Amino acid sequence: MGFEQKIQAMRIVRLDDEYHFKHFDCGDNDLNEFLLKDAKDYQRRLLAVTYLIENEDDIVAYFSLANDKISLNESTKSVWRKIKRNFPRSKHRRDYPAVKIGRLAVNKSYQGLQIGTIVMNYLKNLFKSRSRTGCAYLTVDALSKAVGFYEKNGFDYLCDKVSGQDYPTRLMYFDINRLK
Ligand SMILES: CC(C)(COP(=O)(O)OP(=O)(O)OC[C@H]1O[C@@H](n2cnc3c(N)ncnc32)[C@H](O)[C@@H]1OP(=O)(O)O)[C@@H](O)C(=O)NCCC(=O)NCCS
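All of the points below concern the structure found in this document.

One finds Ile-101, Leu-123, Phe-127, Leu-138, Tyr-150 and Phe-155 to be the most contacted residues of the largest nonpolar core, which totals 26 residues. Of all elements in the fold, only strand S3 (59-71), strand S4 (95-106), helix H4 (115-129), strand S5 (137-143), helix H5 (147-152) and strand S7 (169-175) reach the threshold of two or more residues within this core. The biggest single contributor to this core is H4, with 6 residues. Residues contacting Tyr-150, with those up to four places away along its chain left out, are Leu-104, Met-120, Val-140, Ala-142, Phe-155 and Met-172.

Have a look at this one:
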(Lines give C-alpha, C1' and ligand atoms only; values in the text may rest on other atoms or scores of the structure.)
Protein backbone atom coordinates (compact mmCIF):
# COMPACT_ATOMS: atom_id res chain seq x y z
CA MET A 1 0.00 0.00 0.00
CA GLY A 2 1.39 3.45 -0.95
CA PHE A 3 1.80 6.16 1.67
CA GLU A 4 -1.15 8.24 0.40
CA GLN A 5 -3.40 5.20 0.62
CA LYS A 6 -2.14 4.47 4.12
CA ILE A 7 -3.23 7.95 5.19
CA GLN A 8 -6.60 7.65 3.45
CA ALA A 9 -7.23 4.24 5.02
CA MET A 10 -6.95 5.53 8.60
CA ARG A 11 -9.68 4.68 11.07
CA ILE A 12 -10.17 5.21 14.77
CA VAL A 13 -10.51 2.22 17.11
CA ARG A 14 -11.14 2.02 20.86
CA LEU A 15 -8.56 -0.20 22.54
CA ASP A 16 -9.89 -3.40 24.13
CA ASP A 17 -8.39 -6.55 25.64
CA GLU A 18 -8.49 -8.46 22.34
CA TYR A 19 -6.69 -5.80 20.31
CA HIS A 20 -3.51 -7.09 18.61
CA PHE A 21 -0.97 -4.30 18.40
CA LYS A 22 0.37 -3.38 14.98
CA HIS A 23 3.70 -1.66 14.48
CA PHE A 24 4.13 1.56 16.48
CA ASP A 25 7.20 3.68 17.29
CA CYS A 26 6.87 7.37 18.11
CA GLY A 27 10.54 7.78 19.05
CA ASP A 28 9.78 8.10 22.78
CA ASN A 29 10.31 4.88 24.77
CA ASP A 30 7.92 5.82 27.58
CA LEU A 31 5.08 6.58 25.20
CA ASN A 32 5.78 3.39 23.21
CA GLU A 33 5.84 1.30 26.38
CA PHE A 34 2.68 2.84 27.77
CA LEU A 35 0.78 1.74 24.68
CA LEU A 36 2.21 -1.74 24.38
CA LYS A 37 2.46 -2.64 28.10
CA ASP A 38 0.17 -0.45 30.21
CA ALA A 39 -2.72 0.92 28.18
CA LYS A 40 -4.89 -2.22 28.45
CA ASP A 41 -4.44 -2.35 32.22
CA TYR A 42 -5.31 1.35 32.57
CA GLN A 43 -8.44 0.62 30.60
CA ARG A 44 -9.43 -2.43 32.70
CA ARG A 45 -9.09 -0.32 35.83
CA LEU A 46 -11.05 2.56 34.24
CA LEU A 47 -8.12 4.93 34.71
CA ALA A 48 -7.83 5.94 31.05
CA VAL A 49 -9.37 4.95 27.74
CA THR A 50 -7.03 4.66 24.76
CA TYR A 51 -7.96 5.23 21.12
CA LEU A 52 -5.85 4.15 18.16
CA ILE A 53 -5.71 5.66 14.72
CA GLU A 54 -4.66 2.77 12.51
CA ASN A 55 -4.50 1.50 8.97
CA GLU A 56 -3.89 -2.04 7.70
CA ASP A 57 -0.16 -1.93 8.52
CA ASP A 58 0.47 0.47 11.38
CA ILE A 59 -0.84 2.24 14.41
CA VAL A 60 -0.53 5.78 13.06
CA ALA A 61 -1.22 7.52 16.38
CA TYR A 62 -2.82 6.94 19.75
CA PHE A 63 -4.24 9.01 22.56
CA SER A 64 -5.57 8.27 26.04
CA LEU A 65 -8.31 10.18 27.82
CA ALA A 66 -9.41 10.48 31.44
CA ASN A 67 -11.77 12.77 33.33
CA ASP A 68 -10.13 15.82 34.84
CA LYS A 69 -10.81 19.33 36.10
CA ILE A 70 -9.00 22.62 36.01
CA SER A 71 -8.89 24.22 39.41
CA LEU A 72 -7.97 27.47 41.08
CA ASN A 73 -5.42 25.56 43.22
CA GLU A 74 -3.35 24.58 40.17
CA SER A 75 -3.66 27.87 38.33
CA THR A 76 -2.00 31.28 38.61
CA LYS A 77 -4.36 34.05 39.73
CA SER A 78 -4.12 35.92 36.43
CA VAL A 79 -5.00 32.83 34.39
CA TRP A 80 -7.92 32.05 36.69
CA ARG A 81 -9.23 35.62 36.32
CA LYS A 82 -9.13 35.10 32.54
CA ILE A 83 -10.98 31.78 32.84
CA LYS A 84 -13.68 33.26 35.08
CA ARG A 85 -14.27 36.10 32.60
CA ASN A 86 -15.74 33.49 30.24
CA PHE A 87 -18.59 32.79 32.64
CA PRO A 88 -21.27 34.96 34.24
CA ARG A 89 -20.71 35.65 37.95
CA SER A 90 -23.37 33.08 38.93
CA LYS A 91 -21.22 30.38 37.31
CA HIS A 92 -17.91 31.33 38.92
CA ARG A 93 -16.38 28.26 40.62
CA ARG A 94 -13.12 27.01 42.04
CA ASP A 95 -12.99 24.31 39.35
CA TYR A 96 -14.45 23.47 35.96
CA PRO A 97 -14.90 20.08 34.23
CA ALA A 98 -12.20 18.96 31.81
CA VAL A 99 -10.85 15.91 29.98
CA LYS A 100 -7.16 15.11 30.21
CA ILE A 101 -5.23 13.96 27.17
CA GLY A 102 -3.09 11.59 29.22
CA ARG A 103 -0.97 10.49 26.30
CA LEU A 104 -0.75 11.50 22.64
CA ALA A 105 1.80 10.16 20.22
CA VAL A 106 2.18 9.87 16.47
CA ASN A 107 4.17 7.07 14.79
CA LYS A 108 7.58 8.43 13.63
CA SER A 109 6.81 7.57 10.00
CA TYR A 110 3.75 9.84 10.11
CA GLN A 111 5.02 12.77 12.19
CA GLY A 112 4.94 16.27 10.70
CA LEU A 113 1.92 15.46 8.50
CA GLN A 114 -0.66 17.27 10.65
CA ILE A 115 -1.94 13.98 12.12
CA GLY A 116 -1.46 15.31 15.68
CA THR A 117 -3.43 18.40 14.69
CA ILE A 118 -6.20 16.28 13.13
CA VAL A 119 -6.43 14.36 16.44
CA MET A 120 -6.61 17.63 18.41
CA ASN A 121 -9.37 18.99 16.14
CA TYR A 122 -11.27 15.71 16.44
CA LEU A 123 -11.13 15.94 20.26
CA LYS A 124 -12.11 19.62 20.36
CA ASN A 125 -15.18 18.94 18.20
CA LEU A 126 -16.05 15.74 20.05
CA PHE A 127 -16.25 17.51 23.40
CA LYS A 128 -17.84 20.63 21.93
CA SER A 129 -20.84 18.90 20.39
CA ARG A 130 -20.93 15.17 21.04
CA SER A 131 -19.86 14.71 24.66
CA ARG A 132 -22.23 12.92 27.02
CA THR A 133 -20.96 14.94 29.96
CA GLY A 134 -20.13 18.59 30.50
CA CYS A 135 -16.51 19.23 29.60
CA ALA A 136 -15.40 22.83 29.16
CA TYR A 137 -11.63 22.29 28.84
CA LEU A 138 -9.04 19.90 27.46
CA THR A 139 -5.92 19.54 29.61
CA VAL A 140 -2.51 18.02 29.03
CA ASP A 141 0.69 17.61 31.00
CA ALA A 142 2.74 18.49 27.95
CA LEU A 143 6.29 17.21 27.73
CA SER A 144 8.59 20.25 27.48
CA LYS A 145 9.78 19.03 24.08
CA ALA A 146 6.18 19.08 22.79
CA VAL A 147 4.78 22.35 24.21
CA GLY A 148 5.26 24.04 20.82
CA PHE A 149 2.84 21.56 19.28
CA TYR A 150 0.17 22.35 21.90
CA GLU A 151 0.76 26.11 21.59
CA LYS A 152 0.15 25.80 17.83
CA ASN A 153 -3.09 24.00 18.66
CA GLY A 154 -4.38 26.82 20.86
CA PHE A 155 -3.39 25.51 24.31
CA ASP A 156 -2.34 27.96 27.06
CA TYR A 157 -0.40 27.47 30.29
CA LEU A 158 -2.44 27.11 33.48
CA CYS A 159 0.54 27.96 35.72
CA ASP A 160 4.28 28.68 35.56
CA LYS A 161 5.30 25.45 37.29
CA VAL A 162 7.44 22.82 35.55
CA SER A 163 6.68 19.34 36.96
CA GLY A 164 8.85 16.22 36.90
CA GLN A 165 12.64 16.01 36.76
CA ASP A 166 13.44 13.24 34.27
CA TYR A 167 10.49 14.19 32.05
CA PRO A 168 9.67 17.86 32.66
CA THR A 169 6.06 18.72 31.82
CA ARG A 170 3.88 21.84 31.72
CA LEU A 171 0.19 21.82 32.59
CA MET A 172 -1.70 23.30 29.62
CA TYR A 173 -5.39 23.77 28.82
CA PHE A 174 -7.66 24.47 25.84
CA ASP A 175 -10.97 26.34 26.26
CA ILE A 176 -13.59 24.37 24.31
CA ASN A 177 -16.15 27.18 24.67
CA ARG A 178 -14.06 29.36 22.38
CA LEU A 179 -14.90 27.12 19.40
CA LYS A 180 -17.68 28.52 17.25
C1 LIG B 1 4.24 15.93 19.31
C2 LIG B 1 3.45 15.12 18.26
C3 LIG B 1 2.21 14.49 18.93
C4 LIG B 1 3.00 16.09 17.14
O5 LIG B 1 2.28 15.37 16.16
P6 LIG B 1 2.54 15.64 14.61
O7 LIG B 1 1.49 14.94 13.83
O8 LIG B 1 3.95 15.30 14.30
O9 LIG B 1 2.33 17.23 14.55
P10 LIG B 1 1.66 18.11 13.40
O11 LIG B 1 2.19 17.70 12.07
O12 LIG B 1 0.18 18.12 13.55
O13 LIG B 1 2.26 19.55 13.78
C14 LIG B 1 1.46 20.70 13.91
C15 LIG B 1 2.39 21.87 14.14
O16 LIG B 1 3.08 21.70 15.39
C17 LIG B 1 4.49 21.76 15.18
N18 LIG B 1 5.10 20.75 16.05
C19 LIG B 1 4.96 19.41 16.00
N20 LIG B 1 5.68 18.82 16.97
C21 LIG B 1 6.31 19.82 17.63
C22 LIG B 1 7.20 19.84 18.73
N23 LIG B 1 7.59 18.72 19.36
N24 LIG B 1 7.64 21.06 19.17
C25 LIG B 1 7.26 22.20 18.54
N26 LIG B 1 6.40 22.23 17.49
C27 LIG B 1 5.93 21.06 17.04
C28 LIG B 1 4.70 21.41 13.71
O29 LIG B 1 5.90 21.97 13.24
C30 LIG B 1 3.47 22.00 13.07
O31 LIG B 1 3.67 23.37 12.85
P32 LIG B 1 3.11 24.07 11.50
O33 LIG B 1 1.61 23.88 11.53
O34 LIG B 1 3.53 25.50 11.64
O35 LIG B 1 3.74 23.34 10.38
C36 LIG B 1 4.33 14.00 17.60
O37 LIG B 1 5.41 14.60 16.93
C38 LIG B 1 4.83 12.96 18.58
O39 LIG B 1 4.14 11.99 18.84
N40 LIG B 1 6.06 13.14 19.11
C41 LIG B 1 6.68 12.18 20.03
C42 LIG B 1 5.87 11.97 21.29
C43 LIG B 1 5.48 13.25 22.02
O44 LIG B 1 6.33 14.12 22.28
N45 LIG B 1 4.19 13.35 22.40
C46 LIG B 1 3.64 14.49 23.15
C47 LIG B 1 3.40 14.05 24.55
S48 LIG B 1 2.87 15.41 25.58
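Still more to cover.
Let's shift gears to the sheet that holds strand S6 (residues 156-163). The 7 strands lie next to each other as S1-S2-S3-S4-S5-S7-S6, forming an open sheet whose pairing is mixed. Single-partner strands in this sheet number two, and they are strand S1 (11-14) and S6. Neighbour-to-neighbour, the strand axes of the sheet open up by a mean angle of 25°, direction not taken into account. The pairing of S4 with S5 spans 3 bridges and is parallel.

What follows covers the state of the cysteines. This model, assessed by the stated rule, comprises 0 disulfides. Left without a disulfide partner, Cys-159 is nearest to the cysteine sulfur of Cys-135, which lies 19 Å away.

What follows is about the site of the ligand. For the ligand, the set of nearby residues contains 20 residues, the closest of which are Val-106, Gln-114, Gly-116, Thr-117 and Lys-152. Here an oxygen atom of the ligand sits 2.7 Å away from a polar atom, N or O, in the main chain of Val-106. At 2.9 Å from a nitrogen atom of the ligand is found a main-chain nitrogen or oxygen belonging to Lys-145. When the free accessible area of the ligand is taken as 900 Å², the share hidden by the protein chains comes to 72%. Within the residue set of the shell around the ligand, elements represented by two or more residues are S4, H4, S5 and H5. Its residues assigned to classes, the shell around the ligand comprises 12 nonpolar, 6 polar and 2 charged.

Another aspect to go through is the layout of surface pockets. Rolled over the atoms, a probe with the dimensions of a water molecule shows which regions are left empty. Its boundaries defined by the atoms lining it, the largest pocket holds a volume of some 970 Å³. The wall of the largest pocket is formed by 38 residues, among which Leu-31, Leu-104, Ala-105, Ala-146 and Tyr-150 lie closest to the centre. Per-element accounting of the lining of the largest pocket gives the leading share, 7 residues, to S4. For the lining of the largest pocket, the class distribution of residues is 22 nonpolar, 9 polar and 7 charged. Here the second largest pocket is characterised by a volume of approximately 490 Å³. Forming the boundary of the second largest pocket are 19 residues, of which Tyr-51, Leu-65, Asn-67, Val-99 and Phe-127 lie nearest the centre.

What counts and how
Each chain carries its own residue numbering, running from 1 in the written order of its sequence. Under the rules for a predicted model, residues below a pLDDT of 70 receive no local features and side-chain atom pairs below 80 are neither given nor counted, while totals for whole chains, interfaces and linings still include all residues. Side-chain figures throughout are based on the complete set of non-hydrogen atoms in the structure, without hydrogens or water. What is meant by a nonpolar core is a set of buried Ala, Val, Leu, Ile, Met, Phe, Trp, Tyr and Cys residues, joined one to another through side-chain atoms within 4.5 Å. Any residue under 20% of the maximum accessible area for its type is buried, any over 50% is exposed, and the rest in between are partly exposed; the area is computed with a 1.4 Å probe on protein chains only. What counts as a helix is a DSSP run of H or I of at least four residues, what counts as a strand is a run of E of at least two, and both are numbered from the N terminus. A contact between two residues is defined here by any heavy atoms of the two lying within 4.5 Å. Two strands qualify as a pair provided DSSP detects at least 2 bridges between them. Whenever a helix is involved, its axis is fitted only over the stretch in contact; in every case the axis is a line through C-alpha atoms, and angles between N-to-C directions fall within 0 to 180 degrees. Cysteine sulfur atoms that pair up within 2.5 Å are treated as a disulfide. The criterion for a residue being near a molecule or strand is simple. One of its heavy atoms has to lie within 4 Å of it. Whenever a nitrogen or oxygen atom comes within 3.5 Å of another N or O atom, the pair is scored as a polar contact, on the condition that within protein one atom can donate a hydrogen and the other can accept it, and that pairs from neighbouring residues in sequence are kept only if both atoms are in side chains. Per-residue and other accessible areas follow the Shrake-Rupley method at a 1.4 Å probe size, with only the shown protein chains counted as cover for residues. Polar here means any residue outside two lists: the nonpolar Ala, Val, Leu, Ile, Met, Phe, Trp, Tyr, Cys and Pro, and the charged Asp, Glu, Lys and Arg; Gly therefore counts as polar. The rule is simple: put a 1 Å grid over the protein atoms alone, call a set of points where a 1.4 Å probe fits but cannot get out a cavity, call an open set with protein on both sides within 12 Å along at least five of seven lines a pocket, and count a residue as lining if it has an atom within 4 Å of a point. Grid points are joined across faces, edges and corners, and a volume is the space filled by probe spheres set on the points.

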